[in-house]
Every structure is written in structure tokens, then in C-alpha cells.
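Chain residues, written in single-letter form:
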Amino acid sequence: MVLTPSTMLPLGTALPAFTLEQIWGAQGPVGSGESGEPWSTNDLTTEPVLVLFLCAHCPFVKHIEPELTRLERDYGSRVQIVAISSNSTRTHPQDGPAGLREQARHHEWSFPYLFDASQAVARAFHAACTPDLYLFDHQHHLVYRGQLDASRPGNDQPLDGRDLRGAIEALLAGKPVSPEQKPSIGCNIKWHPEATADR
């Protein structure tokens, strides 16, 4: 594990367009084995979008899983939540579709969970770590990126989603989202070995 911060993609960046394999959704598992079904940003409505770069094994992701469940409960009807895992299954097979489906099932998530096998979408977002969080407004322009809150494994700070919740509440109320944002910190995205050599 390499402790890695968000790259802090510039605010105002448009939501990258992409199509990925969906392996989990509102009705549970999507597809079977390593295969899912295509999911595209073309299917999004004009509601705000929250994109979560996650994985199954990272202790920083495991730490925030309960708050992600609460966020979906509190905002899932007003914000479109989409999770993506981009970790290489060559080095971390536990982050493949089977592990992601079990993670989503355990936490009773109903948002789409997508598998970025090529890692192209992670690169489009300049995602660096798990978790890496991106909130887009009604026009699908970036208004928040950074930490969920100040809680980290073992630091005894409350897991309450304070930073992200503040941004969501401001956005839904039609107020400006504060540009003072702190990067998320977590495990580095596990790039394919040949990609790591090129970096």
C-alpha cells in the first residue's frame, strides 16, 4: 500500500463521458462471473452525480463503507451515485467483480457499481486513490472533490461524511459549494504492472 492523496481535479471540469461494465445495481448482481452489462453516462439525468472510486480490499474504503450506506439512504433519491473500481485484478484479484459484488451485497448498496478493467476511466478522472470522490452539479460540472471527512482508520475522528455532506447540501440548496476542499487520502489505485512501469 502506498498512501496517496487525490490529485484534486480542477473545479468546473465536465463529467467525462464513458461506458463501463456494470456488475451491481438496484436489483443486486448484474451479469455473471467477470462479465457485467454496459452502463453509460448517457443514461444519467440532469440530477447531480456523485462518482466514487472504490475497491473491495482497501482499508480506507472499508473504513468509510458505513457512511457510504448512509449517504445513499439520505441522498440517493436526489443525487445519482455511481461507484467505480479500477484496480488491476492481475495484482489484486480480490478487487474483481466477484469481490465487488460481495462488498455491495454486504452493505446493501443499490447504486451502480462499475468495473473499469482498462483503467481508462480512472485516468480520465485523474483518480489516484481509493476512496476518491467527485461531485458534479446539475450541469455535470465538478463542484467538489476530496475527502469524505477527516476520519481515517485509527485516528478516532468521527465518520460522519461532514465535508462531502456539506458540499451536497449546498448544491441541493442552490448555494455555492466552498472551493476550500481537502484531498482524500487512501491506498493508491493499483495500476496494471505495465502501466506502473510507464508512469
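Structure: above.
Report on the accompanying structure. (Residues numbered from 1 in each chain as written. Predicted model: local features only at pLDDT ≥ 70, side-chain atom pairs only at ≥ 80, totals over all residues. Heavy atoms only, no water.)

**With respect to the sheet that holds strand 11 (residues 185-188)**
Thought 1: Reading across the sheet, the three strands line up as 1-11-8 and stay open at both edges, with antiparallel pairing between neighbours. For this open sheet the edge positions go to strand 1 (3-5) and strand 8 (129-130), each flanked by a neighbour on one side alone.
Thought 2: Alignment of strand 8 against strand 11, held across two bridges, turns out to be antiparallel. Residue pairing for strand 11: C129 is matched across the bridge by N188. (Pairing = 2+ DSSP bridges. Helix = DSSP H or I, 4+ residues; strand = E, 2+ residues; numbered from the N terminus.)

**Topic: the nonpolar core**
Thought 1: Ranked by size, the top nonpolar core spans 35 residues in total, and within it L52, L54, Y113, L135 and L164 carry the most contacts.
Thought 2: Broken down by element, this core gets its largest block of residues, six residues, from helix 1 (residues 59-75).
Thought 3: Within the second largest apolar cluster, 21 residues are counted, among which are L44, F53, Y134 and F136. (Core = buried A, V, L, I, M, F, W, Y, C linked by side-chain atoms within 4.5 Å. Buried < 20%, exposed > 50% of the residue type's maximum accessible area, 1.4 Å probe, protein only.)

**Regarding the pairing of strand 11**
Thought 1: Bridge count for strand 1 against strand 11 is three bridges, and the pairing is antiparallel. Across the sheet, L3 pairs through a bridge with C187, a residue of strand 11.

**Some remarks on the side chain of S88**
Thought 1: Tracing the sequence through the fold places S88 in the loop between strand 6 (80-85) and helix 2 (97-107).
Thought 2: For S88, the side chain forms a polar contact with the side chain of H192, separated by 2.8 Å.
Thought 3: Beyond its immediate sequence surroundings of up to four residues, S88 is in contact with Q119, K190, W191, H192 and P193. (Polar contact = N/O pair within 3.5 Å; in protein donor to acceptor, adjacent residues only side chain to side chain. Contact = heavy atoms within 4.5 Å.)

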